[in-house]
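Descriptive structure summary
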Amino acid sequence: MIAPEVLTIPTARLRLRLESTDEILARIEAMSPADRAEVSPQWLARMREAQPSAWTHGFEMIESSTGVVVGSCGFKGPPDADGVVEIAYAVEPEFRRRGYAKEAAAALVAFAFTAGARLVRAHTRPDGDASVRVLAACGFEKIGEVIDPEDGLVWRWQR
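Because the structure is predicted, anything quoted here is derived from the model rather than measured.

With that settled, consider the overall build of the chain. Per the secondary structure count, the chain includes five helices and eight strands. Compactness check: the chain gives a C-alpha radius of gyration of 15 Å against a globular reference of 15 Å for 159 residues, within 12% of the reference. Referenced to the eigenvectors of the C-alpha coordinate spread, the extents of the chain come out at roughly 35 × 35 × 35 Å. Within the span of the chain, comprising 159 residues, buried residues form 44% of the whole. In the chain, of all internal contacts separated by at least 6 residues, the share reaching a separation of at least 24 is 56%. If you sum the accessible surface of the chain, you get close to 8,500 Å²; carbon and sulfur atoms cover 53% of it.

This part covers the sheet that holds strand β7 (residues 141-148). Taking strand neighbours across the sheet as the criterion, the eight strands line up as β1-β2-β3-β4-β5-β6-β8-β7 in an open arrangement whose pairing is mixed. Lying at the two open borders of the sheet, with one neighbouring strand each, are β1 (8-10) and β7. On average, adjacent strands in this sheet sit at an angle of 30 degrees to one another, irrespective of strand direction. Examined bridge by bridge, strand β5 (residues 84-91) and strand β6 (residues 119-124) share three bridges and lie parallel to one another. Of the residues in β6, the one forming a bridge with Glu86 is Arg121.

The next thing to look at is the packing of aromatic side chains. Working definition: an aromatic ring pair is given by the centre-to-centre distance plus the angle between the planes. In this structure the tally under the stated criterion is three aromatic pairs. For the pair Trp55 and Phe111, a centre-to-centre distance of 5.8 Å together with 55 degrees between the ring planes defines the contact as tilted. Separated by 56 residues along the polypeptide, Trp55 in the loop between α3 (41-49) and β3 (59-63) and Phe111 in helix α4 (residues 100-114) bring together distant segments of the chain. On the basis of relative accessible area, Trp55 is assigned to the buried category, the value being 17%.

Its place among the elements puts Glu86 in strand β5. According to the relative accessible area criterion, Glu86 is buried, its value standing at 14%. As for Glu86 and Ser32, which are separated by 54 residues in sequence, their C-alpha atoms are 25 Å apart. Those residues in contact with Glu86 that lie beyond four places of it in its chain are Gly74, Phe75, Lys76, Arg121, Ala122 and His123. A polar contact is formed between the side chain of Glu86 and the side chain of His123, at a distance of 3.0 Å.

Here we come to the pairing of β7. In this sheet, strand β8 (residues 152-158) lies alongside β7 in antiparallel orientation, the contact comprising seven bridges. By the bridge assignment, Gly144 is partnered in β8 with Arg156. Linking β7 to β8, which pair antiparallel, is a turn of three residues.

Turning our eyes to something else, we now look at the pairing of β5. The element β5 is extensively covered by neighbouring structure, given that six of its eight residues are classed as buried. The pairing of strand β4 (residues 69-75) with β5 spans five bridges and is classified as antiparallel. Opposite Gly71, over in β5, you have Val91 as the bridge partner. What joins β5 to β6 is α4, and the crossover it makes is right-handed.

Each full turn of the α-helix corresponds to 3.6 residues, which orients residues three or four apart in the same direction. Among the residues making up helix α5 (residues 130-137), those that are buried are Val132, Val134 and Leu135. When α5 is viewed along its axis, its buried side chains cluster within an angular range of 160 degrees and face the same direction. Along its buried surface, α5 packs onto β5, α4, β6 and β8. Positive phi appears at Gly139, one or two residues downstream of α5, with a value of about 85 degrees.

What counts, and where the lines are drawn
- Residues numbered from 1 in each chain as written.
- Predicted model: local features only at pLDDT ≥ 70, side-chain atom pairs only at ≥ 80, totals over all residues.
- Heavy atoms only, no water.
- Helix = DSSP H or I, 4+ residues; strand = E, 2+ residues; numbered from the N terminus.
- Rg over C-alpha atoms; globule rule 2.2 N^0.38 Å.
- Buried < 20%, exposed > 50% of the residue type's maximum accessible area, 1.4 Å probe, protein only.
- Contact = heavy atoms within 4.5 Å.
- Areas by Shrake-Rupley, 256 points an atom, 1.4 Å probe, with all protein chains shown as cover.
- Pairing = 2+ DSSP bridges.
- Axes fitted to C-alpha atoms, helices over the stretch in contact; angles between N-to-C directions.
- Phe/Tyr/Trp six-rings, centres within 6.5 Å; stacked < 30°, edge-to-face > 60°.
- Polar contact = N/O pair within 3.5 Å; in protein donor to acceptor, adjacent residues only side chain to side chain.
- Right-handed = clockwise from strand over helix to strand, strands pointing away.
- Arc of directions from axis to C-beta.

Below you can see the structure in the form of structure tokens.
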């Protein structure tokens with residue numbers, strides 16, 4: 001088991017710090033009901049049952065210069081039998097448009113490949129939002145639309 005305070009992924013302006021189960025549950029509890037509804041029940045169940053690891057628990061995106069939490073990111077689970085892993089990220093509204101999502105996504109991709117993943121996947125809503133620009137800037141290619149069992153119709157990206 002990796003203690004949350006041990007696993008930190010540094011980037012140019014951020015520290016991605018692995019959260020404990022209690023920290024994740026507290027963050028979800030603090031969300032608005034609408035935002036809480038976006039949290040996958042399947043992911044939440046997997047996270048509650050697992051020991052903290054990069055594959056099951058999320059990372060806080062901490063601005064290195066200030067120590068302020070600007071968002072969260074992580075993996076939707078460990079690499080599957082084919083070595084495919086999926087990333088996800090979210091930046092708090094007041095910190096958007098500063099490149100933090102791109103920086104965190106790039107760090108997750110690098111971590112995944114270093115840890116043995118063969119393909120990194122991401123899904124976005126099919127509306128061309130900011131995540132499309134983030135993924136394109138990180139070298140992902142859109143490969144089509146799929147129905148995700150947790151999120152419904154999404155655009156699938158991979159690298």
